[in-house]
Amino acid sequence: MKTWCQRGLRMSDRRCLVTGASRGSGRQIALALADGDTQIIAVGRDRAALESLRSACPPSRIQIACGDVTDPGFQRELARLAGEAGGLDLLVYYAGISQ
């Protein structure tokens, strides 16, 4: 599978928050964006999985946030992180519930 960079879509010097980044498609999206020189805030509920994602990305391109996106307190934390990053250029809202 070609990444966005390989297809000619440039995301360099962009800031993106990816929810559902712990596993599956959310993780793959975060990896592809980091490969394209995008600054990532990776969000999920599984800290170990987020740490694994962080170790697979260039350290300067990823920040992790572990929590539940339905929690208002965590939503405020994400807004704070986005503000500290200088705002967001892209939001990938891939959080979901699997049963």
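Residues numbered from 1 in each chain as written. Predicted model: local features only at pLDDT ≥ 70, side-chain atom pairs only at ≥ 80, totals over all residues. Heavy atoms only, no water.

One finds V18, A21, L33, I40, A42, L53 and I62 to be the most contacted residues of the largest nonpolar core, which totals 15 residues. Mapped by element, the contributors of at least two residues to this core are β1 (15-19), α1 (24-35), β2 (39-44), α2 (47-56) and β3 (62-66). Considering each element in turn, this core owes the most residues, 4 residues, to α1. With sequence-adjacent residues up to four places away left out, A42 is seen in contact with V18, A21, L50, L53, I62, Q63, I64 and A65. I41, A65, V69 and F74 belong to the second-largest nonpolar core, a separate cluster that totals 8 residues. (Core = buried A, V, L, I, M, F, W, Y, C linked by side-chain atoms within 4.5 Å. Buried < 20%, exposed > 50% of the residue type's maximum accessible area, 1.4 Å probe, protein only. Helix = DSSP H or I, 4+ residues; strand = E, 2+ residues; numbered from the N terminus. Contact = heavy atoms within 4.5 Å.)

For the rest of this paragraph, the subject is α1. End to end, α1 covers 17 Å across 12 residues, agreeing with the expected 16 Å (1.5 Å per residue, within 8%). Burial in α1 covers these residues: G26, R27, I29, A30, A32, L33 and A34. On its buried face, α1 is in contact with β1, β2, α2 and β4 (90-93). Just beyond α1, the residue with positive phi is D37, at close to 70°. (Expected span 1.5 Å × (residues − 1).)

On to the pairing of β3. Bridge count for β2 against β3 is 5 bridges, and the pairing is parallel. Each residue of the ladder has a partner; that of A42, found in β3, is I64. Where the polypeptide runs from β2 across α2 and back to β3, its parallel neighbour, the crossover connection is right-handed. (Pairing = 2+ DSSP bridges. Right-handed = clockwise from strand over helix to strand, strands pointing away.)

Moving on: the side chain of T19. Turning to its location among the elements, T19 is positioned in strand β1. Not counting residues within four places of it along the chain, the set of residues in contact with T19 comprises V43, V69, V92, Y93, Y94 and A95.

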